[in-house]
Amino acid sequence: RGYCTRKTVGEMILKLMNSRTSFRRRGLPSELADDGDDSDPESPMSSTDDEKKPLGPPPGRHLHKRKSFIPGVDDERKDGVTPQDQTAEAINFFGNERTPAALIAGSALSIMYAFPLQKSDASDIAFIKRLYLLLATCAFLNGLIAVYTSSLAITRLLAKVHNPISRDALVMMLRETPIYYLGARAHFLTSLLCFVAALTLRMWAEYSEQTPRFARALVCLCGACLAYQLALYNMTLVHFHSFFHLWYCYLRCLFEHTFTRKPKVGKSAGFSGLLALVLIAIAMVDLLHIGTYYTKEGVATVMNATLLADNVPTGS
């Protein structure tokens with residue numbers, strides 16, 4: 001009976017030593033795992049291989065368990081680049097993105113009220129003025145959102161709740177803070193395009209009646225600038241197919257944060273996100289109604305001009 005008791009106690013001690021060894025391998029604190037003599041190489045608690053193992057996953061590793069829908073983010077390219085901390089480069093990127101976005105937003109605000117609407121305007125000029133005001137407003141709002149998103153991204157990165165180790169800063173931002181990167185890029189580029197488009201309409205409305213050839217030349221130059229901006233952006237893409245694919249990934253990320261209770265990164269948008277979607281839907285309905293009205297007016301004007309050119313009475 002005494003022999004069995006001693007044998008049972010020995011097995012319990014051996015199990016306890018093995019469990020503490022496994023604790024140490026999992027990266028638990030030393031006060032829970034280091035009770036043996038590390039100087040003894042034959043002791044089960046002293047293993048040089050355990051000291052070389054990482055102490056568990058880095059902070060924020062639980063934020064990207066699922067595979068990202070952005071192409072190339074989860075791919076591990078073996079090109080000899082050593083992964084390192086990319087937090088500083090990501091913060092510099094958002095800081096550099098914030099400055100030109102603020103300039104575009106300020107410039108759009110200055111031109112927003114420079115082309116007032118008048119009741120005496122012709123149908124085509126009234127439509128151009130309203131479209132100009134819409135583009136200037138979109139340029140201002142997108143630039144403002146880009147500035148705001150960049151500021152939030154810098155604050156998020158300074159909180160150190162992400163996994164900063166990556167082969168480059170772009171992959172780290174797309175993996176850890178996708179909504180901030182996508183939001184800053186999409187809104188900044190959209191604000192720039194809307195700003196140039198608004199200036200194009202303003203030039204045509206101002207100079208088309210006096211010097212139509214010169215106005216057409218200015219419009220063509222501005223259109224070439226818009227087309228080249230899109231082409232240059234599409235030629236330098238890494239993780240996206242085009243500018244529209246960038247917006248697709250951004251809208252998909254927004255959908256996840258709005259309609260998913262527990263998104264992959266960050267928290268849910270909640271009631272504010274739903275309210276923003278409802279207000280955008282109302283604005284789109286009103287804009288569609290205005291566009292339909294001016295489309296009918298334009299078709300009627302073209303038909304009247306055609307009838308007058310053919311010397312056909314209007315009432316026939």
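Scroll up to find the structure.
Residues numbered from 1 in each chain as written. Predicted model: local features only at pLDDT ≥ 70, side-chain atom pairs only at ≥ 80, totals over all residues. Heavy atoms only, no water.

**Q** Just checking my understanding: could you explain the overall build of the protein chain for this structure?
**A** Along the backbone of the protein chain there are ten helices and two strands. Reading the helices (α) and strands (β) of the protein chain from amino to carboxyl end gives α-α-α-β-α-α-β-α-α-α-α-α. Taking the intrachain contacts of the protein chain between residues at least 6 apart in sequence as the baseline, contacts between residues at least 24 apart amount to 71%. Summed over all atoms, the accessible surface of the protein chain reaches about 20,500 Å², with 64% contributed by carbon and sulfur. (Helix = DSSP H or I, 4+ residues; strand = E, 2+ residues; numbered from the N terminus. Contact = heavy atoms within 4.5 Å. Areas by Shrake-Rupley, 256 points an atom, 1.4 Å probe, with all protein chains shown as cover.)

**Q** Even after reading the chapter, I still don't get the nonpolar core, so can you show me in this structure?
**A** Generally speaking, nonpolar side chains in soluble globular proteins are found buried as a group. Core analysis: the biggest nonpolar cluster contains 46 residues, and Phe-94, Tyr-181, Leu-182, Phe-240 and Leu-246 have the highest contact counts within it. Where this core is concerned, the elements lending two or more residues are helix H4 (87-112), helix H5 (123-158), helix H6 (169-176), helix H7 (178-207) and helix H9 (243-259). The element that contributes the greatest number of residues to this core is H7, accounting for 14 residues. (Core = buried A, V, L, I, M, F, W, Y, C linked by side-chain atoms within 4.5 Å. Buried < 20%, exposed > 50% of the residue type's maximum accessible area, 1.4 Å probe, protein only.)

**Q** Hey, could you run me through unusual backbone geometry in this one?
**A** What you tend to see is this: most non-glycine residues have negative phi, and most peptide bonds are trans. Residue Lys-160 is not a glycine yet carries a positive backbone phi of 60 degrees. For Lys-160, the location among the structural elements is in the loop between H5 and strand E2 (165-166).

**Q** I'm lost on the packing of H4 against H5 in this one. Help?
**A** To describe two helices that pack against each other, one gives the angle between their axes and the distance between the axes. Taken N-terminus to C-terminus, the directions of H4 and H5 make an angle of 155 degrees; their axes are 8 Å apart at the nearest point. Classified by the angle between their axes, H4 and H5 sit roughly antiparallel to one another. Helix-helix and strand crossings are classified by hand; for H4 and H5 the assignment is left-handed. Tallied by class, residues from the contact of H4 with H5 come to 23 nonpolar, six polar and two charged. (Axes fitted to C-alpha atoms, helices over the stretch in contact; angles between N-to-C directions. Parallel < 35°, antiparallel > 145°, perpendicular 65-115°, else oblique. Left-handed = near helix turned anticlockwise from the far one by under 90°. Nonpolar A, V, L, I, M, F, W, Y, C, P; charged D, E, K, R; others polar.)

**Q** What am I meant to see in the environment of Ser-166 here?
**A** Looking at where Ser-166 falls in the secondary structure, it is placed in strand E2. On a C-alpha basis, the gap between Ser-166 and Thr-87 in space is 9.6 Å, while along the polypeptide they are 79 residues apart. There is a polar contact of 3.1 Å between the side chain of Ser-166 and the backbone oxygen of Asp-168. (Polar contact = N/O pair within 3.5 Å; in protein donor to acceptor, adjacent residues only side chain to side chain.)

**Q** I would appreciate a short explanation of the packing of aromatic side chains in the present structure.
**A** To describe a pair of aromatic rings, one takes the distance between the centres and the angle between the planes. Enumeration according to the criterion identifies nine aromatic pairs in this entry. Residues Phe-93 and Phe-94 carry aromatic rings whose centres are separated by 5.2 Å and whose planes lie at 70 degrees to one another, so their mutual orientation is edge-to-face. Aromatic pair Trp-247 and Tyr-250: ring centres 5.5 Å apart, planes at 65 degrees, arrangement edge-to-face. Taken together, the residues span about one helical turn, with Trp-247 and Tyr-250 both in helix H9 at a distance of three residues. Classification of Tyr-250 by relative accessible area gives buried; the value is 7%. Taken together, the ring pairs connect Phe-93, Phe-94 and Tyr-181 into an aromatic cluster. Looking at Lys-129, its charged tip hangs above the ring of Phe-115, at a distance of 5.1 Å from the centre. Its guanidinium or amino end placed over the ring of Phe-115, Arg-202 lies 4.7 Å from that ring's centre, counting from NZ or CZ. (Phe/Tyr/Trp six-rings, centres within 6.5 Å; stacked < 30°, edge-to-face > 60°. Lys NZ or Arg CZ within 6 Å of the ring centre and 35° of its normal.)

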